[in-house]
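Structural characterization, general
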Amino acid sequence: AQSVTQPDIHITVSEGASLELRCNYSYGATPYLFWYVQSPGQGLQLLLKYFSGDTLVQGIKGFEAEFKRSQSSFNLRKPSVHWSDAAEYFCAVGTYNTDKLIFGTGTRLQVFP
Amino acid sequence: NAGVTQTPKFQVLKTGQSMTLQCAQDMNHEYMSWYRQDPGMGLRLIHYSVGAGITDQGEVPNGYNVSRSTTEDFPLRLLSAAPSQTSVYFCASSRDREAYEQYFGPGTRLTVT
């Protein structure tokens, strides 16, 4: 069955520290991969996406993610976290000509000054 | 552009009542969807539409109806509210018929007592 796993429910980092949020997927077809961010009380916003090509993709707000087919992973990274990055982050997977995305359960990021 | 708008922002219903959550987008997007968000469960797709006059079921459609008479509007109807439908509901839209880059509304927080 198709699924997305975000193993970390809650992560706490200090401002200025580096960040990596994990995402693993199980999908029969070639995956299209996404990271969305949800700030408190808001809807979700697309951070970045991977369809094909370069496996390291850049997104908004200084985020990047790397697709590793051998590990079925699409981890999100940021070299230096800002307090405004505190939010919930969702990984999602689809495929070519998909009519629905499958979302992970989310990782809540807390940033300490 | 206003993007994706949802009304109301908050709603309290009694068990057995019916209501309609409104969703509208002004981006001329073909794809629209409804999700519910519950703690620890991420986003789950309720219903979606790939164009006016076309709707389909998602992962958790029971107890909900939708229609898509125009490109702009995609209302979600709760037929007979139950406490299990207490949740935050998000509407989203995507430019093409695929679900790739979805733009989310701000959400409706629904409580059923």
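What comes next concerns the included structure.

Quick look at the nonpolar core
- Residues Leu19, Trp35, Leu47, Leu48, Phe74, Leu76 and Tyr89 of chain A are the most contacted members of the largest nonpolar core, which totals 27 residues.
- Secondary-structure elements contributing two or more residues to this core are β2 (10-14), β3 (19-21), β5 (31-38), β6 (44-50), β8 (64-68), β9 (73-78), β10 (87-95) and β12 (107-112) of chain A.
- Of all the elements, β10 of chain A adds the most residues to this core, at four residues.
- Ignoring any residue separated from it by four or fewer positions in sequence, one finds Leu19 of chain A in contact with Ile11, Val13, Phe63, Leu76, Arg77, Lys78, Val81 and Leu109 of chain A.
- Of all hydrophobic cores here, the second largest spans 21 residues; its members include Ala92, Leu101 and Phe103 of chain A together with Val50 of chain B.

Structural notes on the pairing of strand β6 (residues 54-57) of chain B
All names here are of chain B.
- In this structure, strand β5 (residues 42-51) lies alongside β6, joined through three bridges in antiparallel fashion. When the sheet's bridge partners are listed, Gly51 is paired in β6 with Ile54.
- Hairpin connection between β5 and β6: a loop of two residues separates the two successive antiparallel strands, and Gly53 in this loop has a positive phi of roughly 85 degrees.

Some details on the sheet that holds strand β8 (residues 76-78) of chain B
Residue and element names in this part refer to chain B.
- A sheet is described by the order of its strands in space; here four strands give the open sequence β1-β3-β8-β7, paired in antiparallel fashion. With partners counted over all chains shown, the strands left at the sheet margins are β1 (4-7) and β7 (64-66), one partner each. Across the sheet, the mean angle separating the axes of adjacent strands is 20 degrees when strand polarity is ignored.
- Inspection of the sheet shows strand β3 (residues 19-25) paired to β8 by three bridges, in the antiparallel sense. If you follow Met19 over to β8, its bridge partner there is Leu78.

Procedures and definitions
Residues numbered from 1 in each chain as written. Chains lettered and ligands numbered in written order. Predicted model: local features only at pLDDT ≥ 70, side-chain atom pairs only at ≥ 80, totals over all residues. Heavy atoms only, no water. Core = buried A, V, L, I, M, F, W, Y, C linked by side-chain atoms within 4.5 Å. Buried < 20%, exposed > 50% of the residue type's maximum accessible area, 1.4 Å probe, protein only. Helix = DSSP H or I, 4+ residues; strand = E, 2+ residues; numbered from the N terminus. Contact = heavy atoms within 4.5 Å. Pairing = 2+ DSSP bridges. Axes fitted to C-alpha atoms, helices over the stretch in contact; angles between N-to-C directions.

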